[in-house]
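Structural overview for review
Each chain is listed here by its residues.
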Amino acid sequence: MKTDKTGKVWLVGAGPSDPGLFTLKGMKVLEEAQVVIYDHLVGAGVLSMMPKDAELIDVGKIAGNHPVPQHEINRIILQKALEGKRVVRLKGGDPFVFGRGGEELELLSENNIPFEVVPGITSAVSVPAYNGIPVTHRDFTSSFHVITGHTRNKDEAEIDYEALVRLEGTLVFLMGVGAMKKICSGLISAGMSEDMPAAVLENGTSAHQRKVVSTVKNLCEDSEKTGIKTPAIIIVGKVCSLADKFSWAEKRPLGKLKVAVTRPKDRASALADRLREQGAEVVLLPSVRTEKRRDNRAISDAINNISDYSWIAFTSPAGVKIFFEILKEKKKDIRNLSGIKFAAIGSTTTEAVMQKGIFVDLVPEKYNGGELGKLLAEKVSDKEKILIPRAAIGTEDLIRPLEDKGLYYDDIPVYDTIWETGLAVKYDSSIDAVAFTSASTVKAFAENNKNIDFSSVTAVCIGEQTAKAASDLGMKILISPEATIDAMVRYMTEIFG
Ligand code: SAH
């Protein structure tokens, strides 16, 4: 059914896998998409950038084990555009390099649907680059050629090997793993030296990329020994001899680590950025988000009587943010807090309070609720009253020491912790480790990944409480020696580097 609002389609290349190779323009149109139709070659890093409320259609996944046929994909794209939607058709690499992008535009142009093309970084050059192979080099070759190795259909022309050999350029074969034997013997029969360097590069630009560097004569045998699977490219030419000398990706401190980060999306970036700087492949699994409570009568009352309190204790940056939002709504500012002392659970919460122009008086040595509770019980007198604006699911450990000492306190839930569902990326066994920065993210992760065997998950935990939640589920646990993001990244570099 055609609506009066016309939709539009963006045909977008997602790059080879590393989300750092996704273009700025691609990211921008993806953020604004209402429908995203994507392939199996789109890397997990890009998949975790999917906009929250968009309809996600996975056409690489498989209904009854067959990928959705091309004519059906074309039809889905058209239908969504006719519904008036902003549609992103997201494809691995570049959409026009053996990506059937042209076929998808056919139907759109026939139906006068507006579209744009956002090119992507093709695997044909980026995968060699991540394996230390420059596709051209003045000492070796002056051209490179990209060829499909997929010639199974009768109507596809056979490869003209003699023409290829005559070019004396670097040859890059996509979709060639199944036809490797045919390709190598074809080149040799057409006159290529058997000793010509050649390589096969699997899962390029990801943490688990693998390469086999050999000669056209031995490539097939060597890659069978290694068990190379798709996606992989075959590259033939003298430039392959540089692969070891110029290898760099695996040499980065965390270059072989695929790690999932489970922080709430708005706070995932610091940890993810630090891990990426060290070369890790980061998959964002933002398992929880925080939402300000609509009913804020309790905290409003507390703020109206703020001078009754001697202490305010915060247990998260979200709590700090929401407290100050409500303070502002009540037409108050930090002058109304004068004389009040502040406690914070750990370093990021302390930082959030300091951002408001307030020094923190009390932070426990170990960053958890129980320790904060004990410290407050020690320092606060029985004439003083404590305000604790925090998550609705906050731990009882904080409250118990206050109760035991009979202190006055108001424990007020100001936000809810909501489990993210319907993510395009889920945990799978290719993920080497999952980084957890709170017990609630562990619970949310478990909720989002009900069917996995938790004993296969390696959980890197920011502190003891988080580790307890992970080990209760049966995960293998590693605990950061200090409860900070920096310490966590350093620790991971020691363990996995
Ligand atoms: N449009 C894509 C190519 C699609 S054809 C692009 O521009 O990259 C699919 C083939 O691309 C695969 O069979 C494989 O040969 C290659 N390929 C894509 N991503 C790859 C990766 N990360 N590592 C190795 N080969 C890859």
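These remarks concern the structure in this document. Only a predicted model underlies this, so the values are computations on that prediction, with no experimental measurement involved. (Residues numbered from 1 in each chain as written. Predicted model: local features only at pLDDT ≥ 70, side-chain atom pairs only at ≥ 80, totals over all residues. Heavy atoms only, no water.)

Some thoughts on the nonpolar core
Quick note on the threshold: We define a nonpolar core as any set of buried Ala, Val, Leu, Ile, Met, Phe, Trp, Tyr and Cys residues linked to one another through side-chain atoms lying within 4.5 Å. Partly exposed residues are those whose accessible area sits between 20% and 50% of the maximum for their type, while under 20% is buried and over 50% is exposed, using a 1.4 Å probe and protein chains only. In DSSP terms, a helix is any run of H or I states spanning at least four residues, a strand is any run of E spanning at least two, and both are numbered starting from the N terminus. We call two residues in contact whenever any of their non-hydrogen atoms come within 4.5 Å of each other.
Counting 39 residues, the largest nonpolar core has Val36, Val88, Leu90, Phe445 and Met475 as the members making the most contacts within it. Among the elements that line this core, the one with the most residues is helix H15 (residues 439-448), at four residues. What Leu90 contacts, discounting residues up to four positions off in sequence, is Val12, Ala14, Phe22, Leu30, Val36, Ile37, Tyr38, Asp39, Val42, Val46 and Met50. Ile303, Ile326, Leu337 and Val414 belong to the second-largest nonpolar core, a separate cluster that totals 27 residues.

With respect to helix H4 (residues 101-110)
Stated precisely, the cut-off is as follows: Working note: the arc is built from the helix axis to C-beta atom directions.
When we look at burial in H4, the residues that qualify are Gly101, Glu104, Leu105 and Leu108. Relative to the axis of H4, the buried residues are bounded by an arc of 95 degrees and lie together on one face. Of the surrounding secondary structure, the elements contacted by the buried residues of H4 are strand S1 (8-13), helix H3 (70-82), strand S6 (86-91) and strand S7 (115-118). Positive backbone phi, at 55 degrees, marks Asn112, one or two positions downstream of H4.

Some details on the site of the ligand
Spelled out, the test is: Proximity is defined per residue: any heavy atom of the residue falling within 4 Å of a molecule or strand makes that residue near it. By the criterion applied in these results, polar contacts are pairs of N or O atoms within 3.5 Å in which, for protein atoms, one can donate a hydrogen and the other can accept it, and in which residues neighboring in sequence qualify only through two side-chain atoms. Accessible surface is estimated by sampling points in the Shrake-Rupley manner with a 1.4 Å probe; for residues, cover comes only from the protein chains shown.
Around the ligand sit 18 residues in total, of which Asp94, Val97, Thr122, Ser123 and Ala232 are the nearest. For the ligand, an oxygen atom lies 2.7 Å from a polar atom in the side chain of Ser123. Between a nitrogen atom of the ligand and a main-chain N or O atom of Gly204, the distance comes to 2.8 Å. For the ligand, whose unbound accessible area comes to 540 Å², protein coverage reaches 93%.

Some words on the packing of H3 against H4
Keep this limit in mind: Simply put, an axis is a line fit to the C-alpha atoms, just over the touching stretch for a helix, and the angle between two N-to-C directions goes from 0 to 180 degrees. With respect to orientation, any angle under 35 degrees is reported as roughly parallel, any angle over 145 as roughly antiparallel, any angle of 65 to 115 as roughly perpendicular, and every other angle as oblique. Crossings are assigned a handedness: left-handed for a near helix turned anticlockwise from the far helix by less than a right angle, right-handed for a clockwise turn. Throughout this entry, Asp, Glu, Lys and Arg are counted as charged residues, while Ala, Val, Leu, Ile, Met, Phe, Trp, Tyr, Cys and Pro are counted as nonpolar. The remaining residues, Gly among them, count as polar.
Contact geometry of H3 with H4 gives a least axis separation of 9 Å together with a crossing angle of 45 degrees. By the angle between their directions, the pair H3 and H4 is classed as oblique. Classified by chirality, the crossing of H4 by H3 is right-handed. Along the contact surface, H3 presents Gln70, Ile73, Asn74, Arg75, Ile77 and Leu78, while H4 presents Glu103, Glu104, Leu107 and Leu108. When grouped by side-chain class, the residues that make up the contact of H3 with H4 number five nonpolar, two polar and three charged.

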